[in-house]
Each structure stands twice: as C-alpha cells, then as structure tokens.
Amino acid sequence: MRFACLWIKHLPAKMEESRAPHLKGVPVIVAKKTGTHRVVLDASPQAAGVTPGMPLSEALAECATAALVDPDPMAYRAAFEDVLTAVEALGVDVDEEGLGLAYVETSGLERLFGGEERLCDLLLRAVPPSFEPR
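Since the structure is predicted, the reported quantities are computational estimates derived from the model, not experimental observations. (Residues numbered from 1 in each chain as written. Predicted model: local features only at pLDDT ≥ 70, side-chain atom pairs only at ≥ 80, totals over all residues. Heavy atoms only, no water.)

Draft legend 1. A look at the overall build of the protein chain. Each helix and strand in the protein chain was counted, giving five helices and six strands. Of the regular secondary structure in the protein chain, the N- to C-terminal order runs β-α-β-β-α-β-α-β-β-α-α. In terms of overall dimensions, the protein chain has a C-alpha envelope of 50 × 30 × 25 Å along the principal axes. Here the contacts in the protein chain between residues at least 6 apart in sequence split such that 54% fall between residues at least 24 apart. (Helix = DSSP H or I, 4+ residues; strand = E, 2+ residues; numbered from the N terminus. Contact = heavy atoms within 4.5 Å.)

Here it is in structure tokens:
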C-alpha cells in the first residue's frame, strides 16, 4: 500500500492570520487555558522559539512582540473538515490523524490520475492556498 501525507502546518495560526489580516507577517501565539495556566496551542513561524505546549509566560519571554490570540477550536475543526471533504471529493480515501494532518491511500490511483505527481498536485490544490499545504 502507498499513502500520501497531507499536512497543514500551523493551521490555527494560519486561520487566525486569515481572519485578521493585520496579523499577517507578525509573530502570532495562539494560547489556550489548561487548568489555571495558559499554554501555547500553536504559533506562527515568525514566533521563533515558541512551541506548542510551552507555558505562555515562557513563550512571551521568548517572543515578546507576539500578538496573543485566543483559540477558536470549532473554527479550526470546521476548516479542516472542509479540507477533508474537498480531498474526498477527488474520490480518494482519507484518514485524519489529527488537526491539519491526514493520509490518503494512493495505491492504484496513479494511473487513474495520470501519475503520482499529478495526484499529489490535485490533493494540494484541493486545499486553500492560504493554508500552504504540504
């Protein structure tokens, strides 16, 4: 069996940037509450040194200029469900592995779609370009 991995890195941060264009190009930290503390859910690549799961206080010490955003998990989930639906519309089997990550079984589909490269191109085109899928 052969599979293609479809990955949208930093989906929450990219969604927040698309919803608030003034955040484009700015370090963004999406932080969630965990008990009495806040931790990083996601961060844009511009927030160098900030990683998911990091305590917010540590993240802000690492990147003091970052814009802080509260998460909208329902919006992230809905957007990724739309991506999965678009990929499935190509007639392929998709298995989600988590928010922003899915695997597509490609066995036997190369001939149907005109080659592996063409199939991968179609998979990537099914995703909004602002998500920068890989």
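From this point, things continue past the structure.
Draft legend 2. Representation of the nonpolar core. Residues V83, V87 and F131 are the most contacted members of the largest nonpolar core, which totals 26 residues. Looking at this core, the elements with two or more residues in it are β1 (3–7), α1 (11–19), β2 (28–34), β4 (67–69), α3 (73–88), β6 (101–105) and α5 (116–125). No other element matches the seven residues that α3 contributes to this core. Contact partners of V87, with chain neighbours within four places excluded, come to L6, V92, V94, V104, L123 and A126. (Core = buried A, V, L, I, M, F, W, Y, C linked by side-chain atoms within 4.5 Å. Buried < 20%, exposed > 50% of the residue type's maximum accessible area, 1.4 Å probe, protein only.)

Draft legend 3. Representation of a negative patch on the surface in the model. Among the surface-exposed residues, E88, D93, D95 and E97 lie close enough to one another that they form a single negatively charged patch. By secondary structure assignment, the location of E97 is in strand β5 (residues 94–98). (Patch = residues over 30% accessible without salt bridge, like charges linked within 9 Å, V, L, I, M, F, W, Y side chains within 5 Å. Areas by Shrake-Rupley, 256 points an atom, 1.4 Å probe, with all protein chains shown as cover. Salt bridge = Lys/Arg side-chain N within 4 Å of Asp/Glu carboxyl O. Lys, Arg positive; Asp, Glu negative; His and termini not counted. Charge placed at Lys NZ, Arg CZ, Asp CG, Glu CD.)

Draft legend 4. Representation of a nonpolar patch on the surface. On the surface, a cluster of nonpolar side chains totalling about 360 Å² of accessible area is made up of M1, F3 and Y103. Its place among the elements puts M1 in the segment before β1.

Draft legend 5. Representation of the environment of A67 within the structure. Mapping A67 onto the fold places it in strand β4. Sequence separation of A67 and L23 is 44 residues, and the distance between their C-alpha atoms is 7.5 Å. The contacts of A67, once residues within four sequence positions are left out, are L23, V26, P27, V28 and I29.

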